[in-house]
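Summary of structural features
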Amino acid sequence: MKNQMLSSIGLFAASAVAQTVLNSGSGFGTLYYDVSDVNGCQDDFSLQNEGFVECNFFTGLSLDQMNTDYVVAMNYTLLAGDLAKYCGKKVIVTSNGVQSNLPLFIGDGCARCAGGPSTNTAWNPNGAPGLDFSYTVAQELNSNACFAGHFDITWEIVDETLYNFDTNAPGQPTGPVNQRRSVNKRSERGSRRRL
Ligand SMILES: *[C@@H]1O[C@H](CO)[C@@H](O)[C@H](O)[C@H]1NC(C)=O
């Protein structure tokens, strides 16, 4: 009982700490890949899943290799301008007045999210501010995401690293901040296969 009380106080204190906001905005959420459900949203994401993410562009790392649906893509021009600033950083998304409680992080670039003015409030598939998600995450943020194809969001990218990319090659991505071992194991397996 005493321990429970202490941990809930700890959680409250942690969530009360203000985090530095690196970027924020409002616009539209869309979806473009899914590792856990390759055929989600009546689509076939296998090609998208094989694509290299912008945050690890130089040494190459695919969504499949990352093996998570929590990768979020942002305005690719803004991201390309300062990979180290945004890559791996936590993203907090609000849709329908509900703030996400998922370990979402910036990992990729989105072309649509770079087109037109950042203040645009009209949906345009060729250019409108926002973020691009996995099918699984988009559906969790807004249950109408797949059906509608896009949904209203506001977001904050905060200065908390959830995933370590290799943004300036040569190097190695060390992966999720709390699960480094699984990435190391995967690359060990990869090199064994090559032998
Ligand atoms: C994307 O980022 C670039 C570079 O900062 C900026 O000029 C452009 O307005 C942004 N586009 C959107 C839709 O936010």
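Residues numbered from 1 in each chain as written. Predicted model: local features only at pLDDT ≥ 70, side-chain atom pairs only at ≥ 80, totals over all residues. Heavy atoms only, no water.

As recorded in an unreviewed UniProt entry, the protein chain goes by the name Chitinase, listed as coming from Trichoderma asperellum.

Scanning the protein chain for helices and strands turns up eight helices and nine strands. As presented, the protein chain carries roughly 11200 Å² of accessible surface, and 51% of it is formed by carbon and sulfur atoms. (Helix = DSSP H or I, 4+ residues; strand = E, 2+ residues; numbered from the N terminus. Areas by Shrake-Rupley, 256 points an atom, 1.4 Å probe, with all protein chains shown as cover.)

This part covers the state of the cysteines. According to the stated counting rule, one finds three disulfides in the structure shown. The partner cysteine of Cys55 in its disulfide is Cys87, sulfur to sulfur 2.1 Å. As the torsion about the S-S bond is roughly -90°, the Cys55-Cys87 disulfide counts as left-handed. Taken as a pair, Cys55 in the loop between helix 2 (46-50) and helix 3 (63-66) and Cys87 in the loop between helix 5 (83-86) and strand 3 (89-95) lie far apart in primary sequence, 32 residues in all. There is no split in this pair, since Cys55 and Cys87 are both buried. Here Cys110 pairs with Cys113 through a disulfide, and the sulfurs are 2.1 Å apart. Classification of the bridge connecting Cys110 and Cys113 rests on its S-S torsion, roughly 75°, and on that basis the disulfide is right-handed. Each bonded cysteine in the protein chain gets a number by its place in the sequence, and the pairs come out as 1-6, 2-3, 4-5. (Disulfide = S-S within 2.5 Å. Buried < 20%, exposed > 50% of the residue type's maximum accessible area, 1.4 Å probe, protein only.)

Around the ligand, the neighbouring residues are Asn75, Leu78, Cys113, Ala114, Gly115, Gly116, Pro117, Ser118 and Pro129. One of the side-chain nitrogen or oxygen atoms of Asn75 is found 2.4 Å away from an oxygen atom of the ligand. Taking Ala114, its main chain carries an N or O atom lying 3.2 Å from a nitrogen atom of the ligand. Of the residues contributing to the shell around the ligand, the split by class is five nonpolar, four polar and no charged. (Near = heavy atom within 4 Å. Polar contact = N/O pair within 3.5 Å; in protein donor to acceptor, adjacent residues only side chain to side chain. Nonpolar A, V, L, I, M, F, W, Y, C, P; charged D, E, K, R; others polar.)

In this section: the environment of Ser46. Within the secondary structure, Ser46 is located in helix 2. Residue Ser46 is classed as partly exposed on the basis of its relative accessible area of 30%. The sequence separation of Ser46 and Tyr33 amounts to 13 residues, and the corresponding C-alpha distance is 7.9 Å.

So, about the confidence of the model for the protein chain. Predicted confidence across the protein chain gives a mean pLDDT of 86, with 82% of residues reaching 70 or more. This model gives residues 179-195 a pLDDT under 50, and the stretch forms nine contacts once residues within four places in sequence are excluded. (pLDDT = per-residue confidence, 0-100. Contact = heavy atoms within 4.5 Å.)

The next subject is the packing of aromatic side chains. What describes a pair of aromatic rings is the distance from one ring centre to the other and the angle between the planes of the rings. Within this structure, the stated rule accounts for seven aromatic pairs. With a centroid separation of 4.8 Å and 65° between ring planes, the pair formed by Tyr32 and Tyr33 is classed as edge-to-face. Side by side, Tyr32 and Tyr33 carry an identical accessibility label, which is buried. Taken together, the ring pairs in this structure connect Phe105, Tyr163 and Phe165 into an aromatic cluster. (Phe/Tyr/Trp six-rings, centres within 6.5 Å; stacked < 30°, edge-to-face > 60°.)

The topology assignment puts Asp166 in the loop between strand 8 (163-164) and strand 9 (175-176). Engagement of the side chain of Asp166 in a polar contact is seen with the side chain of Thr59, the distance being 2.9 Å. If we skip the residues at most four places from it in the chain, Asp166 touches Cys55, Asn56, Thr59, Gly171, Gln172 and Pro173.

The full count for this structure, using the stated rule, is one salt bridge. Notably, a salt bridge pairs Asp159 with Lys89, separated by 3.2 Å at the nearest N-O pair. Taken together, the residues span a long stretch of sequence, with Asp159 in strand 7 (residues 151-161) and Lys89 in strand 3 at a distance of 70 residues. Overall, Asp159 belongs to the partly exposed group, its relative accessible area being 42%. A relative accessible area of 9% places Lys89 in the buried class. (Salt bridge = Lys/Arg side-chain N within 4 Å of Asp/Glu carboxyl O.)

Of all hydrophobic cores here, the largest spans 42 residues; its most connected members are Val91, Ile106, Leu131, Phe133 and Phe165. Apart from the residues within four sequence positions on either side, Phe133 is in contact with Gly29, Thr30, Leu31, Tyr32, Tyr33, Val72, Val93, Leu104, Ala138, Leu141, Phe151 and Ile153. (Core = buried A, V, L, I, M, F, W, Y, C linked by side-chain atoms within 4.5 Å.)

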